[in-house]
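# Summary of structural features
As a plain string of letters, each chain reads:
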Amino acid sequence: MTRIMELTYERRGHGPPLVLLHGIGHHWQAWAPVLDRLAAAHDVIAVDLPGFGGSPPLPPGTPYTAEAMADAIDAFCTRLGVREPDVAGNSFGGYVALELASRGVIRTAAALSPAGFWSEPELVYARAVLKLLRSATSTMPPGRRAAVAESPLGRILSHGLLVAHPSKLSPQAVTDAAQALRESRGFDQTLDSFVWMMPPAPPKVPVTIAWGERDRLLLRRQAVRAARWSGQRVKLLKGCGHVPMSDDPALVARVLHEATLPGAPETAD
């Protein structure tokens, strides 16, 4: 794990650079299930967004918007010497990837269940769920946290709205994710910015959008709007929830390889 421009990141593998962006309240470890698969063909850089994970907050006065996050990631890549990388993101990170695609500063973008394609009621629902999850992990007594992570029922209750198969999560992953959510300094301001979030401008580079078939946070019907925005079909990640990397690492890795590697065989929608 390394720091540059005050952003924490994990870097593995060799090949074309692929930057990975997590969702609100998460950290780079969200991508841990697929890192080694992706590193077989890429120079993979999984980043903690400003105000999340091990990265410090944005500078005072800077709004926690997707545009500000895109600025930070663009500057991060420049300082790292990474030019026109492929970028993949999940949820809020997916929106940031699409924002970078709209600017034309990256080579390709892949977004897994990206934010921003909701209706007003769907946004109200998603914000309520995220606030509930944050409140639950913040108020839970420390002694209870380990018990929840170790219990199959606890994993279902704590992560059943985010992944389709909570039983596949290790107790350590559950504990670490809860800590990341609890300690996310940018959480509240980022969540507030969702109220004004609209789909980004049309992309200037190739984009791939995929959606969890069993996404219970950003409901699957939002993929229809994402398809209209992108002008192409959205891939369906069968058996996956909102954070598909934990549900089916092999499928997610294949989709990202197809999105970034010329000539890779297509995965069925």
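Preceding block: the structure.
Here is a short report on the structure shown in this document. Fair warning: this is a prediction, and the values are worked out from it, not measured in the lab. Counting from 1, residues in each chain are numbered in the order their sequence is written. Predicted model: local features are reported for residues with pLDDT of at least 70 only, side-chain atom pairs are reported and counted for 80 or more only, and whole-chain, interface and lining totals are derived from all residues. Think of the side-chain values as coming from all heavy atoms in the structure, minus any hydrogens and water.

### Examining the packing of aromatic side chains
Selection rule: Think of it this way: a Phe, Tyr or Trp ring, Trp meaning its six-membered ring, pairs with another when their centres are within 6.5 Å, and the plane angle makes it stacked under 30 degrees, edge-to-face over 60, tilted otherwise. Secondary structure elements are defined from DSSP: runs of H or I of at least 4 residues count as helices, runs of E of at least 2 residues count as strands, and each element is numbered from the N terminus. Categorising residues by exposure relies on relative accessible area from a 1.4 Å probe, with only protein chains included: less than 20% of the type maximum marks a residue as buried, more than 50% marks it as exposed, and the intermediate range marks it as partly exposed.
The final tally for this structure, using the stated rule, is four aromatic pairs. Judged by centre distance (5.3 Å) and plane angle (40°), the rings of Trp-118 and Phe-194 are tilted. One end of the pair, Trp-118, is in the loop between strand 6 (108-112) and helix 4 (120-139); the other, Phe-194, is in the loop between helix 8 (187-193) and strand 7 (207-212), with 76 residues separating them in the sequence. Considered together, Trp-118 and Phe-194 belong to a single accessibility category, that of buried residues. Pairwise contacts between aromatic rings join Phe-92, Trp-118 and Phe-194 into one cluster.

### Quick look at helix 9 (residues 222-230)
At 3.6 residues per turn, the α-helix brings residues three or four places apart onto the same side. Put simply, the rule is: To be clear, the arc concerns the directions from the helix axis to the C-beta atoms. Any two residues whose heavy atoms approach within 4.5 Å are treated as being in contact.
The complete set of buried residues in helix 9 reads Gln-222, Ala-223, Ala-226, Trp-229 and Ser-230. For helix 9, the angular spread of buried residues about the axis comes to 115°, placing them on one side. Buried residues along helix 9 sit in contact with helix 3 (92-103), helix 4 and strand 7. A positive backbone phi angle near 75° is found at Gly-231, which sits one or two residues after helix 9.

### What about unusual backbone geometry?
The residue Ser-91 is not glycine, and still its phi comes out positive at about 60°. Within the element layout of this structure, Ser-91 appears in the loop between strand 5 (86-90) and helix 3. Unlike most non-glycine residues, Ser-113 shows phi in positive territory, near 45°. Residue placement: Ser-113 occurs in the loop between strand 6 and helix 4.

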